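Notes for the structure review
One-letter residues, chain by chain:
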Amino acid sequence: WECVMNEYHYFFKLVAATLFPVFVIAGIGLLVSLRNLGYKDVAKRQKTITFGVSISLLVLHLVYPSVSQTITSALFGCQKVIEDESTTNYYFTQDYAMKCYIGGDKSRMTAKYRSVLIYAWLGVLMYPVGVPLYFAVMLFRERKLLYPGSNFTEEDLARRPEHLSFLYIVYEPHVYWFEVFECVRRFLLSQAQLYPHDYRQFILVVICIMSIRIYAWFQPFVSDSDDTVGEFCQWQLLTIYLLLFLQEVGKEFPGIDWALVTITFVGFLVAIGVGIFGKDRSLKEIQEDRKNETFFDQPIESSPRTSQDISFAS
């Protein structure tokens, strides 16, 4: 068994990374089922199911970037190594004990690497593609309840499906889909190792700039404090990637390490300060403010570019 583990070390690591969340969610489902055996009240049973679904969605939210990175690193992980004048081999960068091709011939893939590659592509369908698609489908099916229109009432909000509350509860009703965008943003930022080395930091900077614009345009959070902190964090990431980008193109910054630490620490202080001193509005106040907003001197609801018109639901 030890020989097998050593032989397929990375493959088992890949399998464990992808299946661990599945087992956790299955365990949550089992506990919910066992708990409901003692309940005859339908309301209590539904409450338990809602709690279980919320925890499962939280698990997917937490593991999504790291598991996706583990999976995608297996897809483009072969490195060419010239061992001598007549011998060239390709080694798997995640486990240099594994060769990608037999005798360096790209048309003859090794059995070990083929196993990793097949499983990794299945993992892509399961996590990088599957998780945001699952979130999107779940939200889209309930779109009429999640955003009943600009003239929503408290009763309308009370009818929203509780089992999906983890995905939408922190966002304003017209951007109930924003968690899907967050999944895509986090995925793109976590895949830096896949981008061309010469353009890596530039691509990350572009992603951050686009994220800043989206955060500024939609102001997605119910809490104004969260909107402020969320947009500030995007600026913080942009500053970090700009410093790394300038360093990569040859600009010397003797104190860059301290600068990065300072930026991170300042972000932490800003988050605390906004959380303590920030003033938030209720959903009703947000709704009234949106009715009074104008866009090119037209009411925002009649504008062709309102946020609800370009929302995921449309």
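Residues numbered from 1 in each chain as written. Predicted model: local features only at pLDDT ≥ 70, side-chain atom pairs only at ≥ 80, totals over all residues. Heavy atoms only, no water.

1. Thoughts on the pattern of salt bridges
Our working rule: The salt bridge definition used is simple: a Lys or Arg side-chain nitrogen within 4 Å of an Asp or Glu carboxyl oxygen. Numbering of helices and strands runs from the N terminus, with a helix taken as a DSSP run of H or I at least four residues long and a strand as a DSSP run of E at least two residues long. Three labels apply to residues, based on accessible area from a 1.4 Å probe with only protein chains included: buried if under 20% of the type maximum, exposed if over 50%, partly exposed otherwise in between.
Counted according to the given criterion, the structure contains 2 salt bridges. Linking Glu182 and Arg185 is a salt bridge whose minimum nitrogen-to-oxygen distance equals 2.9 Å. Taken together, the positions of Glu182 and Arg185, both in helix 9 (residues 178-190) and 3 residues apart, correspond to about one turn of that helix. Here Glu182 matches Arg185 in class, with each residue buried.

2. A short note on the state of the cysteines
How we decide: Any two cysteine sulfur atoms within 2.5 Å of one another count as a disulfide.
On inspection of all chains with the given rule, the structure shows 1 disulfide. Note on cysteine connectivity: Cys78 is disulfide-linked to Cys100, with sulfurs 2.0 Å apart. Every disulfide takes its handedness from the sign of the S-S torsion; for Cys78 and Cys100 that torsion is -110°, giving left-handed. In this pair, Cys78 is assigned in strand 1 (residues 78-84) and Cys100 in the loop between strand 2 (87-92) and helix 4 (111-126), connecting sequence segments 22 residues apart.

3. Some remarks on the UniProt feature "transmembrane region" (unreviewed entry) in the protein chain
Operational definition: UniProt positions are given in the numbering used here, feature names are shortened, and annotations may be inferred rather than shown by experiment.
The UniProt feature table records "transmembrane region" (unreviewed entry) at residues 14-37, 49-67, 118-140, 199-218 and 258-277. End-to-end, the C-alpha atoms of residues 14-37 are 36 Å apart, and along that stretch the chain is 96% helix and 0% strand. In this annotation, residues 118-140 is assigned 87% helix and 0% strand; the end-to-end C-alpha distance for the span is 31 Å.

4. Things to note about a nonpolar patch on the surface
Short version of the rule: Each patch is assembled from residues with relative accessible area greater than 30% and no salt bridge, linking like charges that lie within 9 Å and nonpolar side chains (Val, Leu, Ile, Met, Phe, Trp, Tyr) that lie within 5 Å. With residues, only the protein chains shown are counted as cover, and all accessible areas are computed by Shrake-Rupley using a 1.4 Å probe.
A contiguous nonpolar patch, built from Leu30, Leu31, Leu34 and Leu37 and spanning about 460 Å² of accessible area, is present on the exposed surface. Within the secondary structure, Leu37 is located in the loop between helix 2 (9-36) and helix 3 (42-72).

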